[in-house]
Structures are given as structure tokens and as C-alpha cells.
Amino acid sequence: MGEKKSVNTYTGKELFGYLTGMFGQNLIYQVIAAGLVSVYLGTVLYIPAAAVSAIIFAARIWDAINDPMMGTIVDRTHTKWGKCRPYLIFFPAIIGVFTILCFMNGIYTNPGASKALIVTWAAASYIIWGMLFTVCDIPLWGITSLMTEDENDRAKIIGLARMAAGIGGIGTVVSFIPDFLKGNFEGKYNAMVDGVKYTQQMANNDTKKAAWIATVVILTVVATILFEIAGLVTRERVPGDAEDKRGIIDNFKIMWGCLPFRQILISGVLRSPLQLLMILAMPLMLYYYTDNAFDKVGELDGGQRLIKIAVIGLAVFIPQFAAMAVTPNLVKKFENKAIYNAFTVLGAIPYALIFVAYLIFKGDLLSWIGIVITAVCIGLASASMGGINVMQSIMIADCVDYEEFHKGYRPDGVFFSGQSFLTKLSGGIAALIQGLVYTVVGFSGKNLDDINYQLANGKHFFELDGGKYAAAMFFLISIPVAVGMLLSYLPMRKYAMTDAEHNDMLAALIERRQQNASEAPAEINAQEEA
């Protein structure tokens with residue numbers, strides 16, 4: 001039997017530290033995605049849905065330039081820590097500060113305050129936050145291809161990373177915690193603000209803001225500390241380019257010129273509505289399942305409503321984690337393209353059935369049979385999303401090997417900037433679709449005041465205005481996503497790299513690196529003798 005060649009790979013300590021950092025980073029992401037974007041801007045600051053969508057979409061357009069720029073910077077970074085770790089060491093704290101600043105918008109309600117100023121603050125702070133988040137997001141994913149040379153170990157760390165990111169989805173509780181904290185801030189406001197009478201409605205709104213800010217500060221500080229661990233504990237074991245002088249234009253050409261990577265990018269863009277489920281999961285829980293009274297949900301239906309919400313919540317997350325855990329094992333047995341396409345095509349079915357279930361049951365979705373049917377549909381849909389996310393990261397890492405084998409350089413930063421861009425573009429397109437639908441049905445701006453008033457006075461969300469608000473939410477997490485999933489299959493039908501081809505490339509790369517490493521001391525000695 002031939003001796004198996006040793007490969008550089010991560011230790012258990014490095015793996016744990018990396019996953020801890022991934023959890024912390026995604027906790028921060030959810031504070032912004034589920035807190036600021038999904039709830040705070042629209043239902044606390046009452047910024048119109050169209051304006052919120054415009055802000056998010058403008059940020060995503062900028063990301064189209066900013067993400068590859070950051071990928072270029074990462075690939076040109078050469079320090080004693082490596083090319084990804086410096087950003088993971090020094091930037092988490094800065095991201096934490098700007099996360100909190102995003103919520104410090106209109107700290108008190110001034111009747112004379114300019115709505116334009118509030119919208120400007122929202123736009124500027126969110127775009128700056130997105131740029132800073134990119135500074136760490138690309139290195140955090142890019143380092144997975146630098147921590148190990150072993151393909152199975154890389155699939156393992158990516159699968160676990162997706163699970164850690166998914167667990168970071170617990171940050172969605174940021175939408176609910178303020179309801180429980182607001183009692184600590186009631187009755188603490190002056191009767192006058194800048195000489196203008198301060199109404200009870202204004203006081204209630206400032207109470208909500210204070211509770212939100214307190215929640216965000218606590219979650220962000222904890223998340224930032226956890227995020228920092230990734231940079232302090234990990235190590236880069238795969239050598240990069242000795243000197244990389246490629247510019248951003250060169251890297252755009254590289255991204256588009258690599259056929260398998262181009263196919264992944266196009267597929268990801270077409271699948272953008274997928275993010276609607278995660279964006280709307282918490283608002284759907286808050287409005288449809290609790291009538292905007294989550295702090296009193298334990299009193300509804302004799303306590304059964306809380307159990308029903310837990311069933312739906314578990315359906316959103318548990319199947320997703322299960323798929324993330326299973327997918328690295330599937331990679332050992334089946335072709336990557338086949339796994340990716342199966343999750344894509346089969347996942348479209350349960351997404352479409354979510355809206356079908358709503359049309360059949362409507363308000364009766366709150367019954368136990370409605371809860372079970374909805375949970376099954378959402379669970380299967382969520383599982384497909386989890387599997388796709390893992391496969392996308394694995395296949396992007398394979399594309400880095402593909403490029404190194406054919407061109408002699410490793411574009412870790414640039415290619416994983418593509419993943420970062422896809423994540424944020426998906427969120428932007430999803431928010432644009434959400435804003436459009438919300439604007440059409442009137443679930444936006446000051447009209448939310450009237451909706452919340454009716455709910456507080458005994459109305460049910462599913463019956464408001466003929467049920468159009470509830471129908472809009474269920475439509476959004478169903479039909480656009482199903483269509484996007486089917487479209488995203490088209491570019492991947494004839495994926496340009498088979499698993500056998502990648503295995504041959506990786507074996508050749510490992511041999512090339514080992515040969516270069518053995519030749520390096522001889523070259524140094526020859527130079528010293530000369």
C-alpha cells in the first residue's frame with residue numbers, strides 16, 4: 001500500500017474558535033437584518049416601505065462594486081497573520097459600534113424633526129455598516145479555503161460554519177425582546193419637547209425606541225466579543241500568492257472568466273427571493289400569529305398560541321440545520337452538481353405550497369391542522385435553503401482550486417466576495433420585492449399606526465381589510481421564492497466542473513505545494529552561499 005500524503009489542516013481549537021466567530025458575526029447580521037431592516041425602520045421609525053426598499057437596494061448596488069474591491073484588497077494582503085486574519089482581528093469592534101449607531105436614529109420624537117434627516121441617517125448608517133461588514137465577511141468565509149488542504153475537512157468546516165451561521169439566527173429575537181423591556185422605560189419623558197406638547201403617542205414611540213436601543217446594545221456587545229475569537233484563534237495553512245498585484249478590473253475579469261464560478265453567480269442572483277423567508281419570518285410571527293402582541297402571547301388560546309408559534313419557529317430553523325449537517329456527508333457520496341440541483345428544484349415545491357395552504361385555510365392556519373401543514377411546508381423549504389447555502393460555499397471553494405490549478409494564483413478573497421455579494425444582493429432584491437408588495441397593499445408608513453391600533457383593540461391580523469395584509473406576507477414567502485428557485489436551476493444544468501476533475505486538480509495542487517516547500521530551503525541556501 002502506498003503511503004498517504006499528509007496535508008495541512010486545522011486543529012480542534014481552531015475549528016471551535018472559527019465557529020464561535022461565525023456565530024457572533026451572524027448574530028450581528030441578524031440584529032441588522034431582522035431588527036433594523038425588517039422591523040425598526042418601518043414599524044418604529046415609520047419610514048415608508050418604498051423608502052426602506054430604496055435604501056437597501058441602493059446599498060446592494062454599491063456592494064456590486066464594493067465587495068470585489070474588498071476581495072481584491074484581501075488577496076493583496078500579506079502579513080505575518082496571513083491575508084484574512086488581520087481583518088478578523090481588528091474590525092469586529094468597529095462593526096459593533098456602527099451596528100449600534102444604525103439604531104440611534106431619532107432618539108426622541110420631535111414634531112419638528114425632519115423626516116428627510118431620519119431617512120438620510122438610515123441610508124448613510126446602513127450603507128457604512130454594510131461596507132464594514134464586508135471587510136470581515138469576505139475574510140471570514142475566505143479563510144475556510146486557507147485553513148486546510150483536505151477536501152473533506154473543508155466540506156466539514158463549511159457545513160459547520162453554515163450551521164453556526166444559522167444558529168446565529170437566534171439574533172432574530174431582537175424583534176421581540178423590546179416588547180418585554182419597554183416597561184422599564186415608560187413614563188420617563190418630559191411633557192414638552194422644544195416647546196411643543198409631547199403627546200402620549202409620542203411617548204409610547206420613544207419608549208419603544210429606548211427598549212430597542214437597550215436590546216441592540218446588549219446583543220451587539222456579546223456578538224462582537226464572540227466574533228473577535230475567530231481572528232484570534234484561527235491559522236492560515238495554505239500558502240497564497242507571494243505577491244499579488246491584480247487590480248479590481250483584473251479580478252472582475254477573473255470572476256467572469258472562471259466558467260464554474262460564473263454559473264454559481266448567475267444561479268445565486270436568480271435565486272435572490274430566497275431571502276424573503278428569513279426577512280419575513282419574524283414579522284409574520286409578530287403579526288399573523290400574535291396580532292402584534294407578542295408580550296401577551298402566553299394569554300392567547302389558553303397558552304396554546306405560544307406552542308403553535310414554537311412549532312412554526314422550529315420549522316424555520318431545525319430542518320435548515322439538519323440539512324446543513326447532512327450535506328457534507330452527501331458530498332462524499334454524490335456529485336456536487338446533483339446535490340445542488342436537487343435542493344434547488346425540489347425546494348421550489350414546498351415554497352409554492354405555503355401560499356396554497358394560506359389560500360385554503362386563511363385564518364384557520366391558526367388551527368392545529370393549519371399549523372402542522374404550514375410547518376411541514378416551511379420545514380421542507382427551509383431544509384432546501386440550508387442545503388443550497390452549504391453547497392454554494394463548497395463549490396465556490398472548489399472554484400478557488402480550479403483557478404489556482406489553471407492560472408497559478410488563489411483568488412480566495414475575490415471569489416468569496418462573490419458569495420458575500422450574493423448574500424447581500426439577495427437581501428436587497430428580497431427587500432425590494434417586499435417593499436413593492438407592502439406599498440401596493442398599504443402595509444407601510446403611518447398606515448401601520450392604524451393597523452396597530454386596530455390590533456390593540458381586538459381585531460385579528462388575518463381579517464384586516466379583507467385579509468390583504470396577511471395574504472401579502474404569505475405570498476412573499478412563497479411564490480417569488482419558488483419561481484426564483486426554478487430559474488436558478490437553469491445555469492447549473494451543465495455545471496463546468498465535475499467532482500472527478502476537481503479531485504485530480506486538488507491532488508496536483510497539494511503535490512505542487514509540497515514540492516515548492518521542499519525546494520524553498522535549497523534556494524535559500526544557494527542564495528546565502530552566493
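Note: the structure precedes this text.
A quick note: this is a predicted structure, and the numbers were derived from the prediction, not measured. (Residues numbered from 1 in each chain as written. Predicted model: local features only at pLDDT ≥ 70, side-chain atom pairs only at ≥ 80, totals over all residues. Heavy atoms only, no water.)

**Details of the packing of aromatic side chains**
In this description, an aromatic ring pair is defined by two values, namely the gap between the centres and the angle between the planes. Test applied: Geometry of aromatic contacts follows a simple scheme: Phe, Tyr and Trp rings, the Trp one being its six-membered ring, pair when their centres are within 6.5 Å, and the pair is stacked under 30 degrees between planes, edge-to-face over 60, tilted otherwise. Helix numbering and strand numbering both begin at the N terminus, where a helix is a DSSP run of H or I of at least 4 residues and a strand a DSSP run of E of at least 2. Burial here depends on accessible area, computed with a 1.4 Å probe over protein chains only, as a share of the maximum for the residue type. Under 20% is buried, over 50% is exposed, and the range in between is partly exposed.
By the definition in use, this model includes 22 aromatic pairs. Between Tyr-287 and Phe-443, the aromatic rings sit 5.2 Å apart at their centres with planes inclined by 85°, giving edge-to-face as the arrangement. Taken together, the residues Tyr-287 in helix 11 (residues 276-289) and Phe-443 in the loop between helix 15 (412-441) and helix 16 (447-456) connect sequence positions 156 residues apart. By the burial criterion, Tyr-287 is buried, and Phe-443 matches it.

**Describing the packing of helix 12 (residues 304-333) against helix 14 (residues 368-407)**
For any two helices packed against each other, the geometry comes down to the angle between their axes and how far apart the axes lie. We apply this condition: For every element, the axis is a line fit to its C-alpha atoms; helices are fit only across the contacting stretch, and the angle between N-to-C directions ranges from 0 to 180 degrees. The scheme is simple: roughly parallel for angles under 35 degrees, roughly antiparallel for over 145, roughly perpendicular for 65 to 115, oblique for anything else. In this scheme the crossing of two helices becomes right-handed for a clockwise turn of the near helix relative to the far one and left-handed for an anticlockwise turn of less than a right angle. Classification used: nonpolar for Ala, Val, Leu, Ile, Met, Phe, Trp, Tyr, Cys and Pro, charged for Asp, Glu, Lys and Arg, polar for all others including Gly.
Viewed as axis vectors pointing N to C, helix 12 and helix 14 meet at an angle of 30°, and their least axial separation amounts to 7 Å. The angle between helix 12 and helix 14 places the two elements in the roughly parallel class. The chirality of how helix 12 crosses helix 14 is right-handed. Of the residues in the contact of helix 12 with helix 14, the class split is 20 nonpolar, eight polar and one charged.

**With respect to the pattern of salt bridges**
Under the convention used in this document: Salt bridges are defined by distance alone: a side-chain nitrogen of Lys or Arg within 4 Å of a carboxyl oxygen of Asp or Glu.
A complete count under the given rule lists five salt bridges for this structure. With a shortest N-O distance of 2.4 Å, Arg-237 and Glu-14 are connected by a salt bridge. Note that Arg-237 is positioned in the loop between helix 8 (200-233) and helix 9 (248-257) and Glu-14 in helix 1 (residues 12-44), a separation of 223 residues in sequence. According to the relative accessible area criterion, Arg-237 is partly exposed, its value standing at 27%. Overall, Glu-14 belongs to the buried group, its relative accessible area being 5%. For the salt bridge of Lys-468 with Asp-465, the shortest nitrogen-to-oxygen distance reads 3.1 Å. Judged by relative accessible area, Lys-468 falls into the partly exposed class, the value being 32%.

**Describing a nonpolar patch on the surface**
Put simply, the rule reads: For patch building, the residue pool is restricted to those with more than 30% relative accessible area and no salt bridge; the joining distance is 9 Å between like charges and 5 Å between nonpolar side chains (Val, Leu, Ile, Met, Phe, Trp, Tyr). Only the protein chains shown count as covering a residue, and every accessible area follows the Shrake-Rupley method with a 1.4 Å probe.
Taken together, the side chains of Trp-256, Ile-266, Leu-270, Val-483, Leu-487 and Leu-490 define a hydrophobic patch exposed on the protein surface, amounting to about 520 Å² of accessible area. Secondary-structure elements contributing two or more residues to the nonpolar patch are helix 10 (259-270) and helix 18 (479-489). As for its placement among the helices and strands, Leu-487 is situated in helix 18. With a relative accessible area of 38%, Leu-487 lands in the partly exposed category.

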